[in-house]
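Structural overview
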Protein chains: 2
Amino acid sequence: MDLDRLLDAADTVVGRQGIANLTLEAVASEAHVSKGGLLHHFPTKDRLIEALVRRCADGWRTRYTAAWEETSDGPGRMARALVAMCLADDELWTEQLRQSSSAVFAALAQNPALIEPMRVVYADLHRRIAADDLPPGVGEVVVTTIDGLWLNWVLGLVQIDAAMKARLQQALTTLLAPTASARTMRTARGGAVARAGRRR
Amino acid sequence: MDLDRLLDAADTVVGRQGIANLTLEAVASEAHVSKGGLLHHFPTKDRLIEALVRRCADGWRTRYTAAWEETSDGPGRMARALVAMCLADDELWTEQLRQSSSAVFAALAQNPALIEPMRVVYADLHRRIAADDLPPGVGEVVVTTIDGLWLNWVLGLVQIDAAMKARLQQALTTLLAPTASARTMRTARGGAVARAGRRR
DNA sequence: CGGTACAAACCGTCCAGACGGTCGGCAAAT
DNA sequence: ATTTGCCGACCGTCTGGACGGTTTGTACCG
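As the structure is a computational prediction, the values presented were derived from the model and not from experiment.

1. Some remarks on the overall build of chain A
Each helix and strand in chain A was counted, giving 11 helices and 0 strands. Mapped from its N terminus to its C terminus, chain A presents α and β elements in the order α-α-α-α-α-α-α-α-α-α-α. Considering chain A as a whole, with its 200 residues, one finds that 44% of them fall into the buried category. The contacts in chain A between residues at least 6 apart in sequence include a share of 63% that link residues at least 24 apart.

2. Topic: the protein's contact with DNA strand C
In the vicinity of DNA strand C there are 18 residues, among which A:Thr23, A:Lys45, B:Met1, B:Gly36 and B:Gly37 approach most closely. Those elements that provide at least two residues to the surface near DNA strand C are helix H2 (24-30) and helix H3 (35-41) of chain A together with helix H3 (35-41) of chain B. Split by residue class, the surface near DNA strand C holds 5 nonpolar, 9 polar and 4 charged.

3. Points about the environment of A:Asn21
Residue and element names in this part refer to chain A. Mapped onto the secondary structure, asparagine 21 falls in the loop between helix H1 (3-17) and H2. The spacing of asparagine 21 and tyrosine 122 is 101 residues in sequence and 28 Å in space, taken between C-alpha atoms. In contact with asparagine 21, other than residues within four places in its own chain, are Val13 and Ala26.

4. Here's the deal with helix H6 (residues 95-110) of chain A
For H6(A), which comprises 16 residues, the first-to-last C-alpha distance of 23 Å matches the rise-based estimate of 22 Å (1.5 Å per residue) to within 8%. Along H6(A), the positions that sit buried rather than exposed are A:Ser100, A:Ser101, A:Ser102, A:Ala103, A:Val104, A:Phe105, A:Ala106, A:Ala107, A:Leu108, A:Ala109 and A:Gln110. Structurally, H6(A) contributes buried residues whose contacts are with H1, helix H4 (45-69), helix H7 (116-130) and helix H8 (138-155) of chain A together with helix H6 (95-110) and helix H8 (138-155) of chain B.

5. Here we look at the interface of chain A and chain B
Taken together, the contact pairs 47 residues of chain A with 48 residues of chain B. Elements supplying a minimum of two residues to the side of chain A that touches chain B: H6, H7, H8, helix H9 (162-176) and helix H11 (191-197) of chain A. For the side of chain A that touches chain B, the element with the most residues is H8(A), which contributes 12 residues. Here the side of chain A that touches chain B is composed, by residue class, of 28 nonpolar, 13 polar and 6 charged.

6. Quick word on the protein's contact with DNA strand D
Taken together, 16 residues form the shell around DNA strand D, and within it A:Met1, A:Gly36, A:Gly37, B:Thr23 and B:Lys45 come nearest. Breaking the surface near DNA strand D down by element, the ones donating at least two residues are H3 of chain A together with helix H2 (24-30) and H3 of chain B. Taken together, the residues of the surface near DNA strand D sort by class into 4 nonpolar, 8 polar and 4 charged.

7. As for the relation of the copies chain A and chain B
Of the transformation superimposing chain A on chain B, the axial component is 0.0 Å and the angular component is 180°, with the fit at an RMSD of 0.1 Å. Look at the turn and shift together and you get a two-fold axis relating the two. Closest approach to the rotation axis among the C-alpha atoms of chain A is made by A:Gly148, whose C-alpha sits 1.8 Å away. Mapped onto chain B, 100% of the interface residues of chain A are again interface residues, and the two copies thus contact each other with one and the same surface.

8. A closer look at the confidence of the model for chain A
Residue and element names in this part refer to chain A. Per-chain confidence: chain A averages 88 in pLDDT, with 88% of residues scoring 70 or above. Per-element averaging of pLDDT across chain A places H11 at the bottom with 40 and H4 at the top with 96. Low confidence marks residues 179-200, where pLDDT is under 50. Its contacts with residues over four positions away, or in another chain, come to 26 contacts.

9. Points about the environment of B:Glu70
Among the structural elements, B:Glu70 can be located in the loop between helix H4 (45-69) and helix H5 (77-88). Residues B:Glu70 and B:Arg128, spaced 58 residues apart in sequence, show a C-alpha to C-alpha distance of 15 Å.

10. A few points about helix H1 (residues 3-17) of chain B
Residues and elements named next belong to chain B. Its 15 residues give H1 an end-to-end C-alpha distance of 21 Å, which sits within 8% of 21 Å, the value for a rise of 1.5 Å per residue. Among all positions of H1, only Leu6, Leu7, Ala10, Asp11, Val13 and Val14 are buried. Projected down its long axis, H1 shows its buried positions confined to an angular sector of 160°, all on one face. Seen from the buried face of H1, the exposed residues on the opposite side, beyond 90 degrees, are Asp4 and Arg16. The inward-facing, buried residues of H1 abut H2, H3, H4 and H6.

11. Focus: the packing of H9(A) against H8(B)
Taken N-terminus to C-terminus, the directions of H9(A) and H8(B) make an angle of 90°; their axes are 8 Å apart at the nearest point. As judged from the angle between their axes, H9(A) and H8(B) are roughly perpendicular. Across the interface between the two elements, A:Met164, A:Arg167, A:Leu168, A:Ala171 and A:Leu172 from H9(A) touch B:Val138, B:Glu140 and B:Val141 from H8(B). Tallied by class, the residues present in the contact of H9(A) with H8(B) amount to 6 nonpolar, no polar and 2 charged.

12. Comments concerning unusual backbone geometry
Despite not being glycine, A:Asp133 shows a phi value in the positive range, around 60°. By the secondary structure assignment, A:Asp133 is in the loop between H7 and H8. Unlike most non-glycine residues, B:His32 shows phi in positive territory, near 55°. With respect to the element layout, B:His32 can be found in the loop between H2 and H3. The exposed category is assigned to B:His32, around which 10 C-beta atoms lie within 10 Å.

Reading the values: rules and limits
Residues numbered from 1 in each chain as written. Chains lettered and ligands numbered in written order. Predicted model: local features only at pLDDT ≥ 70, side-chain atom pairs only at ≥ 80, totals over all residues. Helix = DSSP H or I, 4+ residues; strand = E, 2+ residues; numbered from the N terminus. Buried ≥ 20, exposed ≤ 12 C-beta atoms within 10 Å, placed from the backbone. Contact = placed C-beta atoms within 7 Å. Near = placed C-beta within 6 Å. Nonpolar A, V, L, I, M, F, W, Y, C, P; charged D, E, K, R; others polar. Expected span 1.5 Å × (residues − 1). Least-squares fit on C-alpha atoms with pLDDT ≥ 70 in both. pLDDT = per-residue confidence, 0-100. Arc of directions from axis to C-beta. Axes fitted to C-alpha atoms, helices over the stretch in contact; angles between N-to-C directions. Parallel < 35°, antiparallel > 145°, perpendicular 65-115°, else oblique.

Shown next, in the form of structure tokens:
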């Protein structure tokens, strides 16, 4: 029995019936396995959900790592990779990813400690962003925007269509654009931003 | 009996014992009320959580409405109000707000339909942002960044300290700054952004 | 003013169902 | 024959909710 098939079943259950109905019986039924059979592979519900979270977290790391590889070198490489991956690629926001993401909330409900793998991946991502050689805050705005987009998408709070993604991409790209000039005046990093930052 | 006291108790339970332990008994106990007494005011667990979500949603609307009132007129008023409220004000991210926010996830677990009040408030906020007279995507980046910040904060995915808020504020202010010039060339809105948007 | 009738707030017990997890068994593979 | 993978019946616990009873407040009446 492929363990991934069990995890897929769990994701499906969450996506279709909600977090509250993520029961061992439902998962077993969805995977065409008896409850005993399911518990043979995941001796505890916590272990099952932990595997769910870990798979989701690994998926994100794999994705943004691959995106980083495909992005040209230079300041903001990680941030630009994120934008390209999340806003330019139409294949990302699939129903499967939504289910997989919802499972993280199942973990939150079951046992908050189970989201630890997700925390690890986020720490890694933020470390990469911090080392991205961008003006202060710019990289963090990009990551955090993606986070917010993900939240809105998973919860269905706002509609996310191609037009909105395009607008976000445009604005974030604008934010990342001054990087080229910032690189030339690296010794005065932040000064240009502070100067441009005044308003009113 | 003040209904708010019961909701406070529910928030406290969620904050202290997690979503899974948000039971009627726990809430009743926390509020020093019998289960029967609790069910007298909220005939159903769904109703209780619905009230929780509604109170949280109303809180957000009240906050950003007040922030809008205190923000100078002009393009990006709503976006600037959000930045001032969430990144400049040190009083916002309290433990109480975190508990109240966590309750939304409890709603998600109990019955996804219960987050509807939250959806309504978000729709309103996004409508205000869309009418904010900003270059395309800029306002949405601001809101979505706040959303992401909120997510990271509630889940504890990343540490949110004053320095990070300052950096985000700086970057978002930079993003909002070009508005003044954009207003003068309103007829060509988006053109300036598109021009600045090229990279590589 | 006293008392009486009524309603609302609240209590504490009880129950039916659901859920996570255990366990003895079985059948095929080695 | 022993191990491994899986089954499915079973158990103890917990939880949401129902329900009948009790206290507290309130309006009305003699």
